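# Residue-level structural notes
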Amino acid sequence: MSQAAVPQETEPLLQRRELRACDNKSATSDNPDAETAVPTKDLRNSRGQQLGLLSVVSLIFNRIIGTGVFAAPSVILRSSGSVGLTFVMWIIGALVSAAGTAVYVEFGTGLPRSGGEKTYLEYIYRRPAFLMSCIYASYGILLGQVPAASIAFGGYALHALGYEQTAANVRIVACLCIILCLVVHGVFPTVGIKLQDTLGMFKLLVLLLISASGLFSLVGVPGFSVGEAYSQPHNFEWSTFWEGSNMSANAFINGVYLVIWSFIGYSNANYALSEVQNPVQTIKRAGPLAMLLVSIVYILVNIAYYAVVSKGDILDSGTIAAALFFRNLFGLATERVLSVVIGLSILGNILAVLFSQGRVNQELGREGILPCSRLLASNEPFGAPFFGLFIQSLVSILMVLLTPAGDAYTFVVNFTSYPLALFNLLISGGLLLLYTRPYKSYNWNPPFQAPKYIVTFFFLSNVFLVVVPIIPPSNGFEIYEHLPYYVSNVNQCTTRRFGSFTLLQSHVVMSLTVGVVGVIYWFFCFDYLPRKSGYTLQQDTITETNGRTRQVIRRIPIHPE
């Protein structure tokens, strides 16, 4: 079988790439029969390290906090049944996110360059060559990361402006929002970072104001009492704090699952580490600081909600908890103000996600395994990875336009979330492997090392996130109303039958299918064609005339004429 020319397992990956550095001219002259070089990783920082501590903290904070802090509390209360159990769930989520942050800080200090999961998976799982890159590329290119957030932004923006929230109007605004973020980050990158930082600071101040208002109401500060027309809360009295706790396994698992996903985003800065000033020291400080801020904000905001809104109102109303909070303290007139606040919060979230995913697509281009790799790898003409941002924006816009209401929208949210649990599972498991005897040749000794029990805890939490969607739900806890649940030949796991087979949870099937597409692409381009056509693949590093270094993949004939 023809294989790409790659180092032995005993050779450190980073050392290999430095040793192979050469220039365009010499590489071409050494192999005149080789095909045109395909751009891959840019090992030097081509744009300058422009992200400081504040920007990195903002990148993580903005990614995590979107609509969840406003809407999730009411959903989680329905799963927990009591205020006390709700806080237990939030604490569990904070612990899982802290463990995840430690894992990604260790990888960020050991491999301080852009790419995030892609970089770490390639480092750990090197055999077969290029397989992990192709699998990750299939997810990076085919999954839009911002359609759900952009649709939510469309709804809140229309409400704030007083326009009717029809499906068409929401989608138009959602698409315009994605295009705006593309232009800001792709054409005016400096402006995009400043806007992102500003929205992050605005979001933090608003949440701190909500927290302070709730605490003032709780201790009886004049001017912060709940309006007499509304139900008075007694959520922090010991007799009611644990009242109604739902100890059902399905309910508890569902609530914890939602809380953990509310913290997703702690790895966001790792996607753009090449653009971070002093990346090793910055990620060591920014990661824990951002997650500490997020955890404090989540706990304080929940305290504020339950200090102002009665448990019954939250459970019985279809309105998000933040809306009830503003109504009880400041009256119905603040409803549009809330829409503006949430809309700006979501906009910051979209900017943070698009910024990072554009860099991931750029790293995929620098790997040289995809069509149009040169465009994906380029920072031309605006000093930003415009084509990588464009691909992510295009896929997201198509998902916005093609996703119907109801089950399919929930499907899109789960479809984009489930692969992240799979990658976190592989990364945390891989980090544990790096400290075992078979991997000693990797010489893994980063400046920061997460305690093994923390890595193990994070690994087990992702086993939980991967396995739970596969388990058939109890009655009343189905995720989808109309979409199928299982594709399997095991009839007892069936909730609905189509012909002779049963249906697996839809977003799990589709997530795994995308990965299979990457495997097929790898087999065809990196295994079958080289064997059939009689050539091997060799990966080198070149230096361009502008000083940038990047990798290339060359076809080397086995029997040149």
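Keep in mind the model is a prediction, meaning the values are calculated, not measured. (Residues numbered from 1 in each chain as written. Predicted model: local features only at pLDDT ≥ 70, side-chain atom pairs only at ≥ 80, totals over all residues. Heavy atoms only, no water.)

Let us look at the overall build of the chain. Counting its secondary structure elements, the chain contains 21 helices and 7 strands. Split into buried and exposed, the 561 residues of the chain put 55% on the buried side. Sequence-distant contacts in the chain: of pairs separated by 6 or more residues, those separated by 24 or more amount to 78%. Carbon and sulfur atoms make up 65% of the accessible area of the chain, which amounts to about 23,500 Å² in all. (Helix = DSSP H or I, 4+ residues; strand = E, 2+ residues; numbered from the N terminus. Buried < 20%, exposed > 50% of the residue type's maximum accessible area, 1.4 Å probe, protein only. Contact = heavy atoms within 4.5 Å. Areas by Shrake-Rupley, 256 points an atom, 1.4 Å probe, with all protein chains shown as cover.)

For V105, the position within the fold is in helix 5 (residues 83-110). The class of V105 is buried, set by a relative accessible area of 5%. Counting along the chain gives 345 residues from V105 to A450, while the straight-line C-alpha distance between them is 8.1 Å. When near neighbours in sequence (up to four residues on either side) are disregarded, V105 contacts I283, K284, P288 and F448.

Looking now at the packing of helix 6 (residues 117-124) against helix 7 (residues 131-142). Interaxial distance between helix 6 and helix 7 falls to 9 Å at its minimum, and their mutual angle equals 155 degrees. Classified by the interaxial angle, the pair formed by helix 6 and helix 7 is roughly antiparallel. The interaxial crossing formed by helix 6 with helix 7 has right-handed handedness. Residue-level inspection shows E117, K118, L121 and E122 of helix 6 in contact with helix 7, the latter providing M132, S133 and Y136. Grouping the amino acids of the contact of helix 6 with helix 7 by side-chain chemistry returns 3 nonpolar, 1 polar and 3 charged. (Axes fitted to C-alpha atoms, helices over the stretch in contact; angles between N-to-C directions. Parallel < 35°, antiparallel > 145°, perpendicular 65-115°, else oblique. Left-handed = near helix turned anticlockwise from the far one by under 90°. Nonpolar A, V, L, I, M, F, W, Y, C, P; charged D, E, K, R; others polar.)

With that settled, consider the confidence of the model for the chain. Of all residues in the chain, 80% attain a pLDDT of 70 or more, and the chain-wide mean is 78. Confidence over residues 1-47 falls short of pLDDT 50; this stretch has 125 contacts with residues more than four positions distant or in other chains. The low-confidence segment residues 486-504, where pLDDT is below 50, has 37 contacts with residues more than four positions distant or belonging to other chains. (pLDDT = per-residue confidence, 0-100.)

All chains considered together, the criterion is met by 30 aromatic pairs. Measuring from ring centre to ring centre gives 5.4 Å for Y123 and W444, while their planes differ by 50 degrees; the resulting arrangement is tilted. Here W444 lies in the loop between helix 19 (407-434) and helix 20 (452-467) and Y123 lies in helix 6, a separation of 321 residues in the sequence. The residues Y123 and W444 share a single accessibility class, namely buried. Each member of the aromatic cluster is reached from another via a ring pair, and the members are Y104, F107, Y120, Y123, Y266, Y439, Y442, W444 and F458. Above the ring of F355, the side-chain terminus of R359 is found at 3.8 Å from the ring centroid. (Phe/Tyr/Trp six-rings, centres within 6.5 Å; stacked < 30°, edge-to-face > 60°. Lys NZ or Arg CZ within 6 Å of the ring centre and 35° of its normal.)

Here the focus is the pattern of salt bridges. Following the criterion strictly, the structure yields 4 salt bridges and no others. Here R359 makes a salt bridge to E275, at a shortest N to O gap of 2.9 Å. Of the two residues, R359 is situated in helix 16 (residues 335-367) and E275 in the loop between helix 12 (249-262) and helix 13 (279-308); the sequence distance between them amounts to 84 residues. E275 matches R359 in its accessibility class, with the two residues each being buried. (Salt bridge = Lys/Arg side-chain N within 4 Å of Asp/Glu carboxyl O.)

For residues besides glycine, phi is generally negative; the peptide bonds are generally trans as well. Residue P128 follows R127 across a cis peptide bond; omega there is -10 degrees. Secondary-structure assignment places P128 in the loop between helix 6 and helix 7. Positive phi values are uncommon outside glycine, yet N278 reaches one of about 45 degrees. Secondary-structure assignment places N278 in the loop between helix 12 and helix 13. Taking the relative accessible area as the measure of exposure, N278 reaches 46% and is therefore partly exposed.

Between its first and last C-alpha atoms helix 5 spans 41 Å; for 28 residues at 1.5 Å apiece the expected length is 40 Å, and the two agree. Most of helix 5 is tucked away, with 23 of its 28 residues classed as buried. (Expected span 1.5 Å × (residues − 1).)

Once that is clear, we can look at a nonpolar patch on the surface. A contiguous nonpolar surface patch, about 540 Å² in accessible area, is contributed by I172, L176, I179, V183, F188 and V191. Its location among the elements puts F188 in the loop between helix 9 (167-187) and helix 10 (189-219). Given the relative accessible area of 46%, F188 is considered partly exposed. (Patch = residues over 30% accessible without salt bridge, like charges linked within 9 Å, V, L, I, M, F, W, Y side chains within 5 Å.)

Counting residues in hydrophobic clusters, the biggest one holds 150 residues, and the most contacted among them are I65, F70, F107, L207, I210, F325 and L434. Ignoring any residue separated from it by four or fewer positions in sequence, one finds I210 in contact with F70, A304, Y305, F325 and F326. (Core = buried A, V, L, I, M, F, W, Y, C linked by side-chain atoms within 4.5 Å.)

In this section: helix 10. In a regular helix each residue adds 1.5 Å, so 31 residues correspond to 45 Å; helix 10 covers 45 Å between its end C-alpha atoms and thus fits that length. At the C-terminal side of helix 10, G220 shows a positive phi close to 85 degrees.

Tracing the backbone shows S150 in helix 8 (residues 147-161). In this view, S150 contacts A174, I178, I350 and V400; residues no more than four positions away in its chain are not counted.

So, about the side chain of S97. Note on placement: S97 falls in helix 5. On the basis of relative accessibility, which here comes to 1%, the residue S97 falls in the buried class. From its side chain, S97 meets the backbone oxygen of A94 in a polar contact 2.8 Å long. When near neighbours in sequence (up to four residues on either side) are disregarded, S97 contacts F263, Y266 and M291. (Polar contact = N/O pair within 3.5 Å; in protein donor to acceptor, adjacent residues only side chain to side chain.)

What follows deals with the side chain of E122. In this fold, E122 is placed in helix 6. With relative accessibility at 9%, the residue E122 sits in the buried group. A distance of 2.5 Å separates a polar atom in the side chain of E122 from a polar atom in the side chain of S133.

Applying the stated criterion to the full structure yields 0 disulfides. The structure places no disulfide on C134, whose sulfur is separated from the nearest cysteine sulfur, that of C525, by 7.2 Å. Note on C134: relative accessible area 2%, which makes it buried. Note on C181: no disulfide assigned, nearest cysteine sulfur contributed by C177 at a separation of 4.4 Å. Judged by relative accessible area, C181 falls into the buried class, the value being 1%. (Disulfide = S-S within 2.5 Å.)

We now examine the environment of I556. Among the structural elements, I556 can be located in strand 7 (residues 549-557). Sequence spacing of I556 and L537 is 19 residues, and the spatial spacing of their C-alpha atoms is 6.1 Å.

Looking now at the packing of helix 5 against helix 6. Closest axis-to-axis distance for the helix 5/helix 6 pair is 11 Å, and the angle between their directions is 75 degrees. For the element pair helix 5 / helix 6, the angle class is roughly perpendicular. Contact with helix 5, carried on its side by Y104, F107 and G108, involves E117, Y120 and I124 of helix 6 and no other residues of that element. Considered class by class, the residues forming the contact of helix 5 with helix 6 number 4 nonpolar, 1 polar and 1 charged.

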